[in-house]
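Geometric and topological summary
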Amino acid sequence: QVQLVESGGGLVQAGGSTGLSCAASGRPFSTYAMGWFRQAPGKEREFVAAISASGDSTNYADSVKGRFTISRDNRKNTVYLQMNSLQPEDTAVYYCAAPTTSYIPRRNTYIYWGQGTQVTVSS
């Protein structure tokens, strides 16, 4: 029902910046919250950031707070993740995801997932 496609990423030097985009289709975009997750090789998937359907509320993992910014453009059915001051520890596959709610879930109830995009930060 919902398809999510990430774009962006690639190789970035430590201290640099890059941005990710996630285009959604299959359901009115403005009716559900969106989130970003990441998974490094050999590690568990972890939460990065989330934004409510209206865009008036955001949540960030402590590890990225102050460096990453999540935003959305409901007219374009797209959610973004701007990543600044990148470090090698940020290297991972980044996924966008959607729950079935308009508000940011307190628990992990994200059921729609993109294919992921690689972000590699060199030292």
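Here, every reference points to the structure presented above.
Since this is a predicted model, take the numbers as computed values, not measurements. (Residues numbered from 1 in each chain as written. Predicted model: local features only at pLDDT ≥ 70, side-chain atom pairs only at ≥ 80, totals over all residues. Heavy atoms only, no water.)

**Quick word on the overall build of the protein chain**
- Within the protein chain, the secondary structure is distributed over zero helices and eleven strands.
- Along the protein chain, helices (α) and strands (β) appear in the sequence β-β-β-β-β-β-β-β-β-β-β when read from the amino end.
- Relative to its length of 123 residues, the protein chain is compact, with a C-alpha radius of gyration of 13 Å against a globular reference of 14 Å.
- Expressed along its principal axes, the backbone C-alpha trace of the protein chain runs to roughly 40 × 25 × 25 Å.
- Every one of the 123 residues in the protein chain was classed for burial, and the buried ones make up 46%. (Helix = DSSP H or I, 4+ residues; strand = E, 2+ residues; numbered from the N terminus. Rg over C-alpha atoms; globule rule 2.2 N^0.38 Å. Buried < 20%, exposed > 50% of the residue type's maximum accessible area, 1.4 Å probe, protein only.)

**Here's the deal with the pairing of strand 8 (residues 78-83)**
- The sheet contact formed by strand 3 (residues 18-25) and strand 8 spans six bridges and is antiparallel. Across the sheet, the residue bridging to Ser-21 is Tyr-80, located in strand 8.
- Pairing geometry for strand 7 (residues 68-73) and strand 8, over six bridges, is antiparallel. Note on strand 8: the bridge partner recorded for Asp-73 is Thr-78. (Pairing = 2+ DSSP bridges.)

**Structural notes on the sheet that holds strand 3**
- Taken together, the four strands give an open sheet; going across it, the order is 1-3-8-7, and neighbouring strands pair in antiparallel fashion. Looking at which strands have only one partner, the edges of the open sheet turn out to be strand 1 (3-8) and strand 7. When the angles between neighbouring strand axes are averaged without regard to direction, this sheet yields 20°. (Axes fitted to C-alpha atoms, helices over the stretch in contact; angles between N-to-C directions.)

**Quick word on the environment of Ala-92**
- When you line up the elements, Ala-92 lands in strand 9 (residues 92-98).
- Ala-92 gets classed as buried once you look at its relative accessible area, which sits at 1%.
- Put simply, Ala-92 and Lys-43 are 49 residues apart on the chain and 9.5 Å apart in space, counted from C-alpha to C-alpha.
- When residues no more than four places from it in sequence are discounted, the contact partners of Ala-92 are Arg-38, Gln-39, Ala-40, Thr-117, Gln-118 and Val-119. (Contact = heavy atoms within 4.5 Å.)

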